[in-house]
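# Secondary and tertiary structure notes
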Protein chains: 6
Amino acid sequence: MMTLTRRYRFAASHRLNTDALTPEQNARLYGKCNNPFGHGHDYVLDVTVEGAPGASGQIVQRETLDQCVSQQVLRHLDHRNLNCDVPELHGKVATTENLALAIEKMLKASWTLPAKLAHVRISETDRNAFLLETR
Amino acid sequence: MMTLTRRYRFAASHRLNTDALTPEQNARLYGKCNNPFGHGHDYVLDVTVEGAPGASGQIVQRETLDQCVSQQVLRHLDHRNLNCDVPELHGKVATTENLALAIEKMLKASWTLPAKLAHVRISETDRNAFLLETR
Amino acid sequence: MMTLTRRYRFAASHRLNTDALTPEQNARLYGKCNNPFGHGHDYVLDVTVEGAPGASGQIVQRETLDQCVSQQVLRHLDHRNLNCDVPELHGKVATTENLALAIEKMLKASWTLPAKLAHVRISETDRNAFLLETR
Amino acid sequence: MMTLTRRYRFAASHRLNTDALTPEQNARLYGKCNNPFGHGHDYVLDVTVEGAPGASGQIVQRETLDQCVSQQVLRHLDHRNLNCDVPELHGKVATTENLALAIEKMLKASWTLPAKLAHVRISETDRNAFLLETR
Amino acid sequence: MMTLTRRYRFAASHRLNTDALTPEQNARLYGKCNNPFGHGHDYVLDVTVEGAPGASGQIVQRETLDQCVSQQVLRHLDHRNLNCDVPELHGKVATTENLALAIEKMLKASWTLPAKLAHVRISETDRNAFLLETR
Amino acid sequence: MMTLTRRYRFAASHRLNTDALTPEQNARLYGKCNNPFGHGHDYVLDVTVEGAPGASGQIVQRETLDQCVSQQVLRHLDHRNLNCDVPELHGKVATTENLALAIEKMLKASWTLPAKLAHVRISETDRNAFLLETR
């Protein structure tokens, strides 16, 4: 068994805020991420699939994986506002943790590749990375 | 003569749009950067100063430069919306080009360091960098 | 379950040498790392915690994790000499392997975060990385 | 238990093509990687070994590991054509998946280090990485 | 005046060899880069243009620049063999220096952008970069 | 005219301190860099040479440049203490500014390459870079 990790990038804005708390509580909990007009990031998304290289010598064709991620994920997130433009995050706080869960859902909703989706990793800045096992 | 370049980071959101054009023209000109709810980036800001190392062996003290950039620039841009939160960009399109000019203005407004501000470089993604000579 | 990895940096000096060996044996075993006056590195420390995003949508609050790592680890290691300034390494060779074990100990000594410490990764140069499972 | 990952680099050329398919099928399957005269990459190879730091405070001596990887792998791959110069890949498609398997074989053929070979990771571009468990 | 540098990538193979020398002389001069079956790299190409941000707030539209570089340069170099597939290098040694000159020629052959081409920078590995002033 | 920049790395320790000041003044001026037992960095050194590619298609042979930098600079600085092991820094504060001047001196002392030394750039951490024009 072997894994292939392929890297994608998208730029998005978001604001951390929850209706369950008062403005003061939100400000205390989320700090500068609670800024009313939002802020943004250049997110890096690593999609890892697992399988055995078949007769073609490949776990999966690059173009097929790219098309899948582009179609299911990137065109919904790139150059978007995570709070307003992404239905999977409605009613949820737009943290990177919830974003990772949303991306897993988007990918699994119509996964038809022969290789298994092993994990999704997303980093928000050069200091933060979130890894979600999806096997 | 020698230069010191020091790297800073900030996360911000923006939207490219101008009142001088119709919505259709804006969409055509700015493409996905015209998305109504905006998007965002992890900006990388390099500030370069020029001078000769004095008796201390330093062109400038790191802490002094950091304090200056933090006070004059970063606290106004980090975790902000460039369109709504930054007075220097009001009435202007929030492109990285205009952002570089705004940062130069912010820095020069109260520059008291002995070293000269040589240039300001800002990158928006891992593919774009803007360099502004400020000497 | 999901993990969050957060990246920290510190600069330190060290010398590889053990009293159990003669100077010649030390020189042979540790090569240029045995240089009498020492040398140094810009260490990169990745701290990984594991948990489920709660109501706040976060595994752990960034500021809480940062404060913990800063208080327990960074202020003892940053701009320090690992041989002379770090009690956890007294009587041990100041290798990155032993440093990783020392950092695990420093973190676990007063770990009060709701998320579990999953692993500690430390790299010494752009070519070396050490990963220590701490679950 | 702890792992040490050490990074190596090599530059090589290759062409993806299989005798089992017609030229048209190869072109469809491998796309631009099927270009008749080939293309190339700066491969990054991460070798991970697992063990416990002994009396020397090290899982393995860096020089010993480097010599092993250099002797068994790098001198056969660096500045080479993977299709023509590498016997381990004869009769196989020169994909990075098959290259990872070949490198595992090269390393295991004469592994005499006290630490266990844990995994081999190879990246072909800044967007692709392949991880092979070798325990 | 301000510059915009935009980064592109392409993968190619090449062999350093000149008909003006004997095989022994070529081997001595170019070392492992003279390997008969060639080798390859993931080249990084930075194209820098210079101008003033106009009413749109941009020196040049990103898509226009990308299209130009893609059309004039990348489609001729990406996943190609520099010795066999690139007419601009016929009769020349396929060094990165000559490649930089060829790229300048390709870009200037039909440059119609309002911004001036300021320089072309190409790196062959993570240790080498070539900068060519084109103003 | 074209430049070639080649990247080298070395690990060293240092302490910022001057006999011209009292311990309290040194502590105030250099902050944590004044730590009595020192600290260290993974320095990155970029050496840039300028010339025209001759008949060989190269500004300079890589091996010749590497040998020169290795012989004149790296073997004196790598895995060393800048205060104790480097004669060029005796009587000077071991700042990166003074280190850049020392490296220029080391290189020019016996420069025999046909290409001109254009500049020397050294970075101490991922946030600091010093550029010294040497033409």
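Cut-offs applied
- Residues numbered from 1 in each chain as written.
- Chains lettered and ligands numbered in written order.
- Predicted model: local features only at pLDDT ≥ 70, side-chain atom pairs only at ≥ 80, totals over all residues.
- Heavy atoms only, no water.
- Disulfide = S-S within 2.5 Å.
- Least-squares fit on C-alpha atoms with pLDDT ≥ 70 in both.
- Contact = heavy atoms within 4.5 Å.
- Buried area = accessible area lost by both parts, 1.4 Å probe.
- Salt bridge = Lys/Arg side-chain N within 4 Å of Asp/Glu carboxyl O.
- Helix = DSSP H or I, 4+ residues; strand = E, 2+ residues; numbered from the N terminus.
- Nonpolar A, V, L, I, M, F, W, Y, C, P; charged D, E, K, R; others polar.
- Pairing = 2+ DSSP bridges.
- Buried < 20%, exposed > 50% of the residue type's maximum accessible area, 1.4 Å probe, protein only.

So, on to the state of the cysteines. A covalent bond bridging the sulfur atoms of two cysteines is what the word disulfide describes. Summed over the entire model, instances satisfying the criterion amount to zero disulfides over all chains. With no disulfide of its own, C68 of chain A lies 19 Å from the sulfur of C33 of chain D, the closest cysteine sulfur.

Placing chain F over chain E gives an RMSD of 0.0 Å and needs a rotation angle of 120°, together with 0.0 Å of translation along the axis. Given the turn and translation reported, the copies of this chain are related as if by a three-fold rotation axis.

Attention now moves to the arrangement of the chains. You won't find any contact between chain A and chain E; their C-alpha atoms come no closer than 14 Å. At the C-alpha level, the nearest point of chain A lies 12 Å from chain F, with no contact between them.

Attention now moves to the interface of chain F and chain E. Interface size is often expressed as the accessible area that is lost when the parts come together. Tallying the contact residues gives 18 residues for chain F and 18 residues for chain E. Overall, the association of chain F and chain E removes approximately 1400 Å² of surface from exposure, summing both partners, and the carbon and sulfur fraction of that is 44%. At the boundary of chain F with chain E, the tally comes to two salt bridges. Among the salt bridges present, the one from E97 of chain E reaches R62 of chain F, with a minimum N-O distance of 3.2 Å. With seven residues, strand 1 (residues 2–14) of chain F is the largest single contributor of residues to the side of chain F that touches chain E. Residues of the side of chain F that touches chain E, tallied by class, amount to eight nonpolar, six polar and four charged. Of the strand pairs in this sheet, strand 5 (residues 128–133) of chain E and strand 1 of chain F are connected by five bridges, and their pairing is antiparallel. The residue bridging L132 of chain E from the neighbouring strand is M2 of chain F, located in strand 1 of chain F.

Once turned by 180° and shifted 0.0 Å along the axis, chain B lies on chain A with an RMSD of 0.0 Å. On this basis, the relationship between the two copies can be described by a two-fold rotation axis. When the interface residues of chain B are mapped onto chain A, 100% of them again fall at the interface, so both copies present the same face.

On inspection of all chains with the given rule, the structure shows 60 salt bridges over all chains. In this structure, R135 of chain A and E133 of chain A form a salt bridge, with 3.1 Å as the shortest nitrogen-oxygen distance. Judged by relative accessible area, which is 43%, E133 of chain A ranks as partly exposed. R6 of chain C is the partner of D66 of chain C in a salt bridge, and the nearest nitrogen-oxygen pair spans 2.5 Å. Taken together, the positions of D66 of chain C in helix 2 (residues 62–77) and R6 of chain C in strand 1 (residues 2–14) put the pair 60 residues apart, joining distant regions of the chain. The pair D66 of chain C / R6 of chain C is uniform in exposure class, with both members buried. Residues participating in the shared-partner salt-bridge network are R6 and D66 of chain A together with R127 of chain D.

At the junction of the two partners, chain B supplies 22 residues and chain A supplies 22 residues. In total, about 1700 Å² of surface goes out of reach between chain B and chain A, with carbon and sulfur atoms giving 50% of it. The largest contributions to the chain B side of the interface with chain A come from F37, D42 and H79 of chain B, which together make up 34% of the buried area. The tally of links from chain B across to chain A stands at four salt bridges.

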